[in-house]
Amino acid sequence: MIQVAVYQRDYTTLDRIITNEVQHLRFSTRLPGGFHICSFTLRRDLFKAWQWLTGKLFYHLVITDGNQTLWEGRIEDIGISLGQVQVTAYGYYANLGDIPYNTAYNTLWSSVLDTVLTANCSQISATRHFTATDRNANSAAGDEWLDITPMEMVEKFLPLSDSTNAIWDFAVWENREAWLTQRAPMAINWQLNLRDFTSFLLTYRGKEIWNSGYARYQSGGSLTRTADANDTTSQAKYGITRKYAIPDMGAVAAQEAETARSAWLAKYKDAWPSFTSPPAVGEFVANNNGVRRPSSWVRAGQTARIRDLVPASGLLDSVSLNAMQTFYITETEYDLDRRELVLNFD
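If you're wondering where the values come from, they're calculated on a predicted model, not measured in any experiment.

J.: I would appreciate a short explanation of the overall build of the chain in the present structure.
T.: From N to C terminus, the chain includes 5 helices and 26 strands. Taken over C-alpha atoms, the radius of gyration comes to 22 Å for the chain, in line with the 20 Å a tight globule of 346 residues would show. By sequence separation, contacts in the chain at least 24 residues apart represent 66% of the contacts at least 6 residues apart. Summing over all exposed atoms, the chain offers an accessible surface of approximately 16,200 Å²; the carbon and sulfur share of this is 48%. In the chain, which carries 32 positive and 37 negative side-chain charges, the distance between the mean positions of the two groups comes to 5 Å.

J.: Honestly, the side chain of Ser262 in this entry has me stumped. Any pointers?
T.: Relative to the assigned elements, Ser262 resides in helix 5 (residues 254-268). According to the relative accessible area criterion, Ser262 is buried, its value standing at 18%.

J.: How should the pairing of strand 3 (residues 22-30) be read in this particular structure?
T.: As paired strands, strand 3 and strand 4 (residues 33-42) are joined by 6 bridges and run antiparallel to one another. Looking across to strand 4, one finds that Arg30 is bridged to Gly34. Between strand 3 and strand 4, which follow one another and run antiparallel, lie 2 residues. In the sheet, strand 3 pairs with strand 25 (residues 326-335) via 5 bridges, with the strands oriented antiparallel. Within strand 25, the position partnered with Arg26 by the bridge is Asp335.

J.: I would appreciate a short explanation of the environment of Arg30 in the present structure.
T.: As for its position among the elements, Arg30 is in strand 3. In sequence terms Arg30 and Glu333 are 303 residues apart; their C-alpha atoms lie 8.8 Å from each other. If we ignore the near neighbours within four places in the chain, the residues touching Arg30 are His36, Ala300, Thr330 and Glu331.

J.: Please clarify how the pattern of salt bridges should be interpreted in this entry.
T.: Charged atoms that come close allow side chains of opposite charge to pair. In total, this model carries 17 salt bridges according to the counting rule given. Between Glu174 and Arg299 there is a salt bridge whose closest N-O contact spans 2.8 Å. Of this pair, Glu174 sits in the loop between strand 11 (168-172) and strand 12 (178-182) while Arg299 sits in the loop between strand 23 (292-294) and strand 24 (303-306), and the two are 125 residues apart along the sequence. With a relative accessible area of 26%, Glu174 lands in the partly exposed category.

J.: Mind showing me how you'd approach a nonpolar patch on the surface here?
T.: A surface patch of nonpolar side chains, amounting to about 250 Å² of accessible area, comprises Leu46, Trp50 and Ile80. Residue placement: Ile80 occurs in strand 6 (residues 68-81). Note on Ile80: relative accessible area 46%, which makes it partly exposed.

J.: How do you make sense of helix 2 (residues 109-120) when you look at a structure like this?
T.: Since one α-helical turn is 3.6 residues long, residues separated by three or four positions face the same way. Along its 12 residues, helix 2 runs 16 Å from first to last C-alpha, staying within 8% of the 16 Å computed at 1.5 Å per residue. What helix 2 keeps buried is the set Trp109, Ser110, Val112, Leu113, Val116, Leu117 and Asn120. Looking down the long axis of helix 2, one finds its buried residues gathered within 155° of arc, a one-sided arrangement. Exposed residues on helix 2 whose side chains face more than 90 degrees from its buried face are Thr118 and Ala119. In this fold, the buried residues of helix 2 make contact with strand 8 (106-108), strand 9 (128-130), strand 10 (136-138), helix 3 (150-157), strand 11 and strand 12.

J.: Sorry if this is basic, but what is going on with the pairing of strand 2 (residues 14-17) here?
T.: Consecutive residues of a regular strand have side chains that alternate between opposite faces of the sheet. Pairing between strand 1 (residues 2-7) and strand 2: 3 bridges, direction antiparallel. Paired with Ala5 across the strands is Ile17, a residue of strand 2. Connecting strand 1 to the antiparallel partner strand 2 that follows it, the hairpin turn spans 6 residues, and Tyr11 within it adopts a positive phi of roughly 75°.

J.: Explanation requested: helix 1 (residues 46-53) in the structure shown.
T.: All of the buried residues along helix 1 are Ala49, Trp52 and Leu53. The buried residues of helix 1 occupy one face: seen down the axis, they fall within an arc of 90°. Away from the buried face of helix 1 by more than 90 degrees, exposed residues Phe47 and Gln51 are located. Contacts made by the buried residues of helix 1 are with strand 1, strand 2, strand 4, strand 6 and strand 7 (84-90). Looking at where helix 1 begins, the residue whose side-chain oxygen comes 3.2 Å from the main-chain nitrogen of Phe47 is Asp45.

The rules behind each value
- Residues numbered from 1 in each chain as written.
- Predicted model: local features only at pLDDT ≥ 70, side-chain atom pairs only at ≥ 80, totals over all residues.
- Heavy atoms only, no water.
- Helix = DSSP H or I, 4+ residues; strand = E, 2+ residues; numbered from the N terminus.
- Rg over C-alpha atoms; globule rule 2.2 N^0.38 Å.
- Contact = heavy atoms within 4.5 Å.
- Areas by Shrake-Rupley, 256 points an atom, 1.4 Å probe, with all protein chains shown as cover.
- Lys, Arg positive; Asp, Glu negative; His and termini not counted.
- Charge placed at Lys NZ, Arg CZ, Asp CG, Glu CD.
- Buried < 20%, exposed > 50% of the residue type's maximum accessible area, 1.4 Å probe, protein only.
- Pairing = 2+ DSSP bridges.
- Salt bridge = Lys/Arg side-chain N within 4 Å of Asp/Glu carboxyl O.
- Patch = residues over 30% accessible without salt bridge, like charges linked within 9 Å, V, L, I, M, F, W, Y side chains within 5 Å.
- Expected span 1.5 Å × (residues − 1).
- Arc of directions from axis to C-beta.
- Polar contact = N/O pair within 3.5 Å; in protein donor to acceptor, adjacent residues only side chain to side chain.

Laid out in structure tokens, this is it:
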């Protein structure tokens, strides 16, 4: 059974369990970020609800189902609308937007993030789960690399990738612990069938294939372009060359621009699916062992396999994000009233 609890700002002192007072509960996860947004209304008396909540800004909100944490974050927005008190909370990735960082740096960008979280993000746990990168970030590259929030730094650093050309993810999950990882899933988390979906329209679009590209960046105050990178296998496979120009990345080193270009090409050289609207599943899904679980347990950063999307002969035993039946989840939103989970796949 889903429970909604409010804790004081120390994260451990219980203020109130509000499960029976909550209506229209929705909560989401997203990458980058982790736990994203939670919203609900309170059914208690309007004045009492308003009076109680106005003292709860930045209180700790936790949603659980037994021992399973579904969502956690901090209460930030409180409003009144049509006789209802509306509450919105944000996952602790929001803490990365509180204080800009203004100390010079020139080291591995994974190390920079670790240092910045310690210095400027007091709500993020000291327990980290970081995979080291092999590329530096240098604040001397330009003014836009200092006096920015840690959140802005994360969203600048992730596209830079490193020599692996991997996609990198950053998230804050249970107990406010931060994760920086390469997107290289090792297991299937959820097994789905088409009958599990309440809506589903998968489309492959040729216009989303890019098998050549270059990046634009600033060097010495001038717009500069990297050399082209080409994936000849993709060009031969599809019989066409489609070149993408990565928008101006600002003042970065040439190596960083080249790495971002190569990472982009590695991601978009093949056809990947897109949806006219995000697909939704009903109340239950199966885990990798075939055991039925609530769909509210599904979160961004996990993988899902749709077992009957292709013939059985096309199924793979290994984890391969092959754009046919195995997909990486980048965003979820669960609606308790509808008992429905909306998914976004990479």
